[in-house]
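Remarks on the overall topology
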Amino acid sequence: MRAVNLYCLCQIRGEKEFSLCENLLSGRLEEKKIKIHEQDSLRALGEELAARSLRLKYWDGFFWSFTIGHIGKEFDLLKLSADGRRILNIELKSESVDAARIRRQLLENRYYLGMLTKEIRSYTFVSSRRALYTLDGEGELKEASFDELIRDLSSFEYVLSEGIEELFQARDFLISPVDTPQRFVEGQYFLTLQQEQHQERILSIFAEQQGKAAFVGLTGSAGTGKTLLLYDTARLLAEEGYETLVLHCGKLLSGQEWISAHLPHFQIRPVRELPEEADFSEFAAVFVDESQRLSRQELARITSGVRLAGCLCVLAFDGLQLLTEEGKRGGMSEAVEQLSHPVLTLSGRIRCNKDLAAFVHLLMESRVYDDRRSLDCAEVLYAENEASARELRRYYARKKRYTWISLAPFSPEEDGDGGRYESAGVIGREFDRVVMVLDQRFYYDEKGLLRSRGDKDPDDLDVQRLYQGITRAREKLCLIISGNPQLFSAVLAMKARHALHREP
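Each value, and the rule that gives it
- Throughout, a residue's number is its position along its own chain's written sequence, starting from 1.
- The predicted nature of this model means local features are confined to residues of pLDDT at least 70 and side-chain atom pairs, given and counted, to a pLDDT of 80 or more, with totals for whole chains, interfaces and linings taken over all residues.
- Excluded from the side-chain calculations are hydrogens and water; all other atoms, namely the structure's heavy atoms, are used.
- Elements are defined by DSSP. Helices are runs of H or I of four residues or more, strands are runs of E of two residues or more, and each kind is numbered from the N terminus.
- Think of it in three bands: with a 1.4 Å probe and only protein chains considered, a residue is buried below 20% of the maximum accessible area for its type, exposed above 50%, and partly exposed in between.
- Residue contacts follow a heavy-atom distance rule, with two residues in contact if any of their heavy atoms lie within 4.5 Å.
- Surface accessibility in these figures is a Shrake-Rupley result with a 1.4 Å probe; residues are shielded only by whichever protein chains are displayed.
- Pairs were defined over the aromatic rings of Phe, Tyr and Trp, the Trp ring being its six-membered one, requiring ring centres within 6.5 Å. Orientation was assigned from the angle between planes: stacked under 30 degrees, edge-to-face over 60, tilted for the rest.
- Geometrically, a charge over a ring is one whose NZ (Lys) or CZ (Arg) sits within 6 Å of the ring centre while staying within 35 degrees of the ring normal.
- By definition, a salt bridge exists where a carboxyl oxygen of Asp or Glu is found within 4 Å of a side-chain nitrogen of Lys or Arg.
- Summary of the metric used: pLDDT quantifies the predictor's per-residue confidence within the range 0 to 100.
- By this rule the span expected of a helix is its residue count minus one, scaled by 1.5 Å.
- Definition of a polar contact: a pair of N or O atoms within 3.5 Å, with one able to donate and the other able to accept a hydrogen when the atoms are protein atoms, and with sequence-neighbouring residues admitted only if both atoms are side-chain atoms.

1. Thoughts on the overall build of the protein chain
- Along the backbone of the protein chain there are 17 helices and 19 strands.
- Counting across all 504 residues of the protein chain, residues that qualify as buried make up 54%.
- Here the analysis covers contacts within the protein chain between residues at least 6 apart in sequence; of these, 72% occur between residues at least 24 apart.
- Of the roughly 23,300 Å² of accessible surface on the protein chain, a fraction of 47% belongs to carbon and sulfur atoms.

2. Points about the packing of aromatic side chains
- Evaluation of the coordinates by the stated rule reveals 15 aromatic pairs.
- When the ring of Tyr 112 is compared with that of Phe 190, the centres are 6.3 Å apart and the planes differ by 40°; the resulting orientation is tilted. Of this pair, Tyr 112 sits in helix 4 (residues 99-113) while Phe 190 sits in the loop between helix 7 (181-185) and helix 8 (193-208); the two residues are 78 residues apart in sequence, bridging distant segments of the chain.
- Linked through ring pairs, Phe 184, Tyr 189, Tyr 231 and Phe 266 together constitute an aromatic cluster.
- Over the face of the ring belonging to Phe 156 we find Arg 86, whose NZ or CZ atom lies 4.3 Å from the ring centre.
- Over the aromatic face of Trp 404 sits the side chain of Arg 393, whose NZ or CZ is 3.7 Å from the ring centroid.

3. Description of the pattern of salt bridges
- Within this structure, the stated rule accounts for 22 salt bridges.
- Glu 148 is the partner of Arg 121 in a salt bridge, and the nearest nitrogen-oxygen pair spans 3.0 Å. With a gap of 27 residues between them, Arg 121 in strand 4 (residues 120-126) and Glu 148 in helix 5 (residues 146-154) connect regions that are remote in the sequence.
- Classification of Arg 121 as partly exposed rests on a relative accessible area of 24%.
- Put simply, Arg 441 and Asp 439 hold a salt bridge, and the shortest N to O gap is 3.0 Å.
- Overall, the relative accessible area of 28% leaves Arg 441 in the partly exposed class.
- Residue classification places Asp 439 among the partly exposed positions, given a relative accessible area of 21%.
- A network of salt bridges, in which partner residues are shared, links Glu 47, Glu 48, Arg 52 and Arg 130.

4. As for the confidence of the model for the protein chain
- Confidence along the protein chain averages 87 in pLDDT terms, with 88% of residues attaining 70 or more.
- Confidence over residues 322-330 falls short of pLDDT 50; this stretch has 26 contacts with residues more than four positions distant or in other chains.

5. Side note on helix 11 (residues 296-309)
- The terminal C-alpha atoms of helix 11 lie 20 Å apart, and with 14 residues this matches the ideal 20 Å at 1.5 Å per residue to within 8%.
- Inspection of helix 11 places Glu 298, Leu 299, Arg 301, Ile 302, Thr 303, Gly 305 and Val 306 among the buried residues, and these make up the whole buried set.
- If you follow the buried residues of helix 11, they end up packed against strand 7 (214-219), strand 8 (244-248), strand 10 (285-289), strand 11 (312-317) and helix 13 (332-339).
- Looking one or two residues past helix 11, Gly 310 carries a phi angle of roughly 65°, positive in sign.

6. Some points on the side chain of Ser 340
- Here Ser 340 is to be found in the loop between helix 13 and strand 12 (343-345).
- From its side chain, Ser 340 meets the backbone oxygen of Val 336 in a polar contact 2.8 Å long.
- Those residues within four positions of Ser 340 in sequence are excluded, and the remaining contacts are Phe 215, Val 216, Gly 217 and Leu 315.

As structure tokens, then:
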């Protein structure tokens, strides 16, 4: 993406012409339609700057409506010094909004931009009142003068002109409580607007339950932020002095033990350690992550314990990730959904970048395509046999620092491999790079859907395990197709067809 000159944009009056010109000037990979109120707000700001005789060169170097692709975080106007050590951020509002909302947005912007530098100047311009606000050194909101903005604009002599996307890496913004427990405990993250809305609903139910059991479902596909929302809500209650319990459907990891040790009133326990008669009487709220992995008996124990204790229970689940035969046959997602009222749904992936998400979609459904996305983030390699596949994935795991996620339990000879996990052991985790092996079991059916010969069940556990693994990747993915030339040809054809669709 390229920076643009705001003076040039402010000269354009036609709504369609404005969007078209901005798209061409900024070199966007996908078309962006700019709403009329956004255009009007920019022109109003331009009028204030022109009235104070801002020199034309200081109108230059603005990234308009830049979005961090991995998380969907958008900024109205950004100006960066050439060395990246100084940033100016201006947010545009057409109508008056609550001061608290303005402050929160600017603070949130500072958090994300703070990954690049601590020298950040933040403004919000409200065009209906021609009012300008800024954050002081303590992070408090105050009214600002346009002369103050002019001084900041005039202080940028050499600015970044393109390539802003390369400055933002997924690992800097996306946290997992399990993998980055210290950042979680210290609150070094923000929830999305949708996560905040669902959290408010959960907390209101908690406040209104008055000693009666309440079950709330939280669903969404991989990468929509269920685990972070679950843990953050538990943390908020713990900080208020309420005893909270998070139940993990798997073996506890070191990050979870670290959180339990450093957050008062916050406990994390594995579901498998629940006694026949679970006693939750000491807890005000119980949170269950990946509850689609529960057995019927475990769900019954949790349900009974919550009802006896009269506490809140929030169950997060994803119906697409059923990694056990019992989970599939028992219809655990349906059982959790029937138990819960309400069921809150998270939509929109926030874990991985959109290009990687597009590749995952294409891999699962080979006949679709998304010509807005590059698939360069995913490598597809071929190995003639199992031995060659082992050499390739060891090379990627050891030398290129990819995390190997296996579809099956490890054999004794694989115990020495570093950086590897079983697909069932990566629940709630994220990795920058992931490598996985697809063997002869996998194929595309007549509808172009990825299937496995190892599963007679139409839900395909092998495919679910694969999906669980590849959706852990944040930046890069490598698939090694072993001894399966038909599948390799099909995936190559899919990538080639996608590349042709993206040709101008």
